[in-house]
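Next come the chains, spelled out residue by residue.
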Amino acid sequence: MLRRPTRPELPSDVRRRASAEGSHAVLVEAVLDALPSPTLLLDAAGTVLLANSAWATAAEVVDDDRIRVGIGGDYYAMARRIRDDVASQEIISSLQDLSRGERSMVSLDFSVAHPHGGRWYHLQASRVDRAGQVVVTHTDITDRVRAERTSAWQARHDHLTELPNRAHLHELIDAALQLPGRGAVTVLFLDVDGFKDVNDSLGHDVGDDLLRQLAARLGGRTRSDDTVGRLGGDEFVVLCRGCDKDGAEALAERFQSSFEEPFLLGGRPIRLSASIGVATASGNRPDNPRSTDLVRDADLAMYAAKAAGRNRIRVFTPDLRMAAQRRALFAAELREAIDADQLVLHYQPVLYLPTGEATGVEALVRWQHPERGLVPPAEFIPLAEQHELIAPLTRWVLRTALRQAAVWERQGLDLVMGVNVSAVHLSTGTLVGDVAEALAEAQLAPERLLVELTESTVAQEPELAAAQFARLRVLGVEVSIDDFGSGFSSLGQLVNIPAGLLKIDRSLVAGAASRRSQASAAIAAVVGLGRACGMRSLAEGVETADELRLVEDLGCTFAQGYHIARPMPADEVPGWLAMWEPHGARRALALQPVG
Ligand code: C2E
Ligand code: CA
Ligand code: CA
């Protein structure tokens, strides 16, 4: 039902018009009332002539006195009350223009501020007759606007921490850099040390919790002009406007101090640290850098901070960019080196202590670089891991080492071949397939292969390691835990790992003979632990006859080290073996002078 006018003169006005204009006005009334949107008929002065039922209902729902205007009320006064800004002016002036016939229709959106959250309306109006009456409809578009705003917000924010995400951070940094007459702009790049360990050992939910706690701590340490955002993973970026290098370093220290308090994770207090890189675009630079440049520089500085040992702050300098370019170049060279057969394997013999015979070798990779000479693995394995080259590299090592083992087997040399596998390769999931393929290609019995994975790998990915170890052992391949005693693997994990051999790290063996009691206790404990888990032990880095005797006394089954032999090219191995047995073994074990 249409609301009838309450003031005595107006209803008669309307009725008069209705009778004068006959069925036309009746039709207008009926149409208005049928409209689902709140709709009003206004005269040229903005007075409400008719209001449909939807209008009355909307006013009740919104429950706002400012927009409660009925028949005979002043629509323009109401428009002024909802907002006293441009929107009101625009509504009024465009409706007046419409009424005067200066425009054919009005279509605009406006919002009404409200304590229960603002509402948005789409206003559409058209002229009814030459007297300047207009029909105005108001469609509530609040839900649509909210959905649009939410999705626009979500596209620019990280769902976990609600901080600006990578794309939005770059927008904000670029905006700060392009501000006319801007001061210095600094970007801090922060990365949590050992975040992966938290995630792996305590689970992803705890990892997420850490990131949320950290976001809150960082937010609490910024000035109002700074913006904290999350790039992804455990990488956070702070944009500091009007902040020069010194100010930025002070800020970086403040962020670092936010790690002094332990984090409460999974009910346990856990101490963490962060590495921070700082890059500044000074205020008077003629060539404005882009956000991507500044963030990359801060990232390089963070990388250098991490490389220098954790929990550090490093300010970007141009030489870092050169070093990064050199690394990228070196990685490109390494990619080619794998195909161009520039890699070589050296083999280090392994002794079986009960008989003194050499029963195996460990394959150790080197890079025969055209300019640098023989490059040791420590200088390029980490690079290979970072540049996704480790799987192709390991496949090359497996193929070459197993082919070599097959050649030796045909010469009557029965040696178990040890091959090192990196943690990164373990997570690619191709390891078992790669091993099976190389064995098939070399036509070598699986018992001839020993796969070595470091203790830290096993500790980082205990479930993955256990699963893949089990599959390798089903194939018939033996598995060892390398560098044992150098990391922090828990005994609990060790019990669940299906490995057959424990390689005791060089650091435990080194100098064991001179610090006899302590070191021997440690080695004896490791040997005993291995035995309890069904594993045999190998002492690495045996450099003296004394150490060799000691590790044998302590129950190690195998030994490896410079005292027995250094790693050597393949063609030297048969000669060394011939020389070693039977005299070498006795010489190494018993006849060398002690000390
Ligand atoms: P690792 O697996 O622990 O290998 C033993 C390292 O100790 C070798 O160094 C070996 O030359 C050295 N070594 C052996 N005996 C002694 C000794 O008595 N005293 C001392 N001071 N050192 C000794 P290398 O060849 O430089 O290899 C270093 C590391 O590089 C290896 O440690 C291994 O982690 C990695 N690596 C080598 N080859 C490969 C490979 O093909 N793939 C992967 N993923 N890593 C490899
Ligand atoms: Ca090894
Ligand atoms: Ca080792």
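Below, the structure is looked at part by part. Quick caveat: nothing in here was measured; it's all calculated off a predicted structure.

Moving on, we get to the overall build of the chain. The helix and strand tally for the chain stands at 23 helices and 22 strands. By the compact-globule yardstick of 25 Å for 595 residues, the chain is too spread out, its C-alpha radius of gyration being 39 Å. The principal-axis extent of the C-alpha atoms belonging to the chain is close to 130 × 55 × 50 Å. Looking at the chain as a whole, 48% of its 595 residues are labelled buried. A fraction of 64% describes how many contacts in the chain between residues 6 or more apart in sequence connect residues 24 or more apart. Element-wise, carbon and sulfur atoms account for 52% of the exposed surface of the chain, whose accessible area totals about 28,600 Å². If the 63 positive side-chain charges of the chain are averaged to one point and the 80 negative ones to another, these points end up 4 Å apart.

On to the pattern of salt bridges. Enumeration according to the criterion identifies 20 salt bridges in this entry. Note that arginine 144 is salt-bridged to glutamate 148, the shortest N-O span being 3.4 Å. Of this pair, arginine 144 and glutamate 148 are both found in helix H6 (residues 142-156), four residues apart, which corresponds to roughly one turn of the helix. Its salt-bridge partner being arginine 296, residue aspartate 297 comes within 3.3 Å of it at the nearest N-O pair. Among the residues examined, arginine 296 registers a relative accessible area of 38% and is labelled partly exposed. Within the structure, one salt-bridge network assembled from shared partners comprises Glu362, Glu452, Lys503 and Glu540.

Every one of the 20 residues lining ligand 1 counts as a neighbour, but Gln348, Arg366, Arg506, Glu543 and Tyr562 are closest to it. In this structure, an oxygen atom belonging to ligand 1 sits 3.0 Å away from a side-chain N or O atom of aspartate 482. Contact distances for ligand 1 include 3.2 Å between an oxygen atom and a side-chain N or O atom of aspartate 483. Against a free-state accessible area of 790 Å², the protein chains account for coverage of 82% of ligand 1. Only strand S14 (357-369) and strand S18 (478-484) provide two or more residues apiece to the shell around ligand 1. The leading source of residues in the shell around ligand 1 is S14, at four residues. Grouping the constituent residues of the shell around ligand 1 by class yields eight nonpolar, five polar and seven charged.

Before going further, it helps to spend a moment on the coordination of the calcium ion (ligand 2). The protein atoms donating to the calcium ion (ligand 2) are Glu362 (OE), Asn420 (OD1), Glu452 (OE) and Asp482 (OD), with metal-donor distances spanning 2.2 to 2.3 Å. Coordination of the calcium ion (ligand 2) draws on donor residues from a single chain, spaced E-x57-N-x31-E-x29-D in sequence. Between the calcium ion (ligand 2) and the calcium ion (ligand 3) the interatomic distance amounts to 3.9 Å, and aspartate 482 serves as a bridging ligand to the pair. Separated by 32 residues along the polypeptide, asparagine 420 in strand S16 (residues 416-421) and glutamate 452 in strand S17 (residues 449-454) bring together distant segments of the chain. Here asparagine 420 falls in the partly exposed class, since its relative accessible area comes to 28%. Since its relative accessible area comes to 2%, glutamate 452 is described here as buried.

The calcium ion (ligand 3) binds to the protein through Asp482 (OD), Asp483 (OD), Glu540 (OE) and Glu540 (OE); the donor distances cover 2.1 to 2.5 Å. Of note, the donors binding the calcium ion (ligand 3) are all from one chain and are spaced D-D-x56-E. Here aspartate 482 falls in the buried class, since its relative accessible area comes to 5%.

Counting buried positions along strand S13 (residues 343-352) gives eight out of 10 residues, so the element sits mostly inside the fold. As paired strands, S13 and S14 are joined by 10 bridges and run antiparallel to one another. Bridging from a neighbouring strand, valine 344 pairs with arginine 366 of S14. Between S13 and S14, which pair antiparallel and follow one another directly, the connecting turn spans four residues, one of which, glycine 356, has a positive phi of 80°. Both S13 and strand S22 (residues 568-569) contribute to a ladder of two bridges, which runs antiparallel.

The geometry of two aromatic rings is summed up by the distance between their centres and the angle between their planes. Counted according to the given criterion, the structure contains seven aromatic pairs. Each ring, one from tyrosine 347 and one from tryptophan 408, has its centre 5.1 Å from the other, and the planes form 75°; the classification is edge-to-face. Taken together, the residues tyrosine 347 in strand S13 and tryptophan 408 in helix H14 (residues 390-410) connect sequence positions 61 residues apart. With respect to burial, tyrosine 347 and tryptophan 408 carry one shared label: buried. Through pairs of rings, three or more aromatic residues link up here, namely Phe330, Trp367 and Phe380. The cationic tip of arginine 217 hangs over the ring face of phenylalanine 263; the distance from NZ or CZ to the ring centre is 3.7 Å. The ring of phenylalanine 330 carries arginine 372 above its face, with NZ or CZ at 4.0 Å from the centroid.

In this section: the environment of alanine 323. Along the chain, alanine 323 falls in helix H12 (residues 318-339). What makes alanine 323 partly exposed here is its relative accessible area of 21%. Residues alanine 323 and alanine 304, spaced 19 residues apart in sequence, show a C-alpha to C-alpha distance of 9.8 Å.

Checked against the element boundaries, glutamate 540 lands in the loop between strand S20 (536-539) and helix H22 (545-553). Assessed through its relative accessible area of 10%, glutamate 540 is described here as buried. When sequence neighbours within four positions are dropped, the list of residues in contact with glutamate 540 reads Asp482, Asp483, Lys503, Ile504, Asp505, Arg506, Val509 and Gln560.

Spatially, five strands are ordered S2-S1-S5-S4-S3 in an open sheet, and the strand pairing comes out antiparallel. Edge strands, defined here as strands with exactly one partner in the open sheet, are strand S2 (48-51) and strand S3 (105-112). The sheet shows a mean angle of 25° between the axes of neighbouring strands, taken without regard to direction. Of the strands in this sheet, S3, strand S4 (119-127) and strand S5 (134-140) touch H6, which is tilted by about 130° from S4.

The rules behind the values
- Residues numbered from 1 in each chain as written.
- Chains lettered and ligands numbered in written order.
- Predicted model: local features only at pLDDT ≥ 70, side-chain atom pairs only at ≥ 80, totals over all residues.
- Heavy atoms only, no water.
- Helix = DSSP H or I, 4+ residues; strand = E, 2+ residues; numbered from the N terminus.
- Rg over C-alpha atoms; globule rule 2.2 N^0.38 Å.
- Buried < 20%, exposed > 50% of the residue type's maximum accessible area, 1.4 Å probe, protein only.
- Contact = heavy atoms within 4.5 Å.
- Areas by Shrake-Rupley, 256 points an atom, 1.4 Å probe, with all protein chains shown as cover.
- Lys, Arg positive; Asp, Glu negative; His and termini not counted.
- Charge placed at Lys NZ, Arg CZ, Asp CG, Glu CD.
- Salt bridge = Lys/Arg side-chain N within 4 Å of Asp/Glu carboxyl O.
- Near = heavy atom within 4 Å.
- Polar contact = N/O pair within 3.5 Å; in protein donor to acceptor, adjacent residues only side chain to side chain.
- Nonpolar A, V, L, I, M, F, W, Y, C, P; charged D, E, K, R; others polar.
- Donors = N, O, S within 2.8 Å, 3.2 Å for Na, K, Ca; no water.
- Pairing = 2+ DSSP bridges.
- Phe/Tyr/Trp six-rings, centres within 6.5 Å; stacked < 30°, edge-to-face > 60°.
- Lys NZ or Arg CZ within 6 Å of the ring centre and 35° of its normal.
- Axes fitted to C-alpha atoms, helices over the stretch in contact; angles between N-to-C directions.

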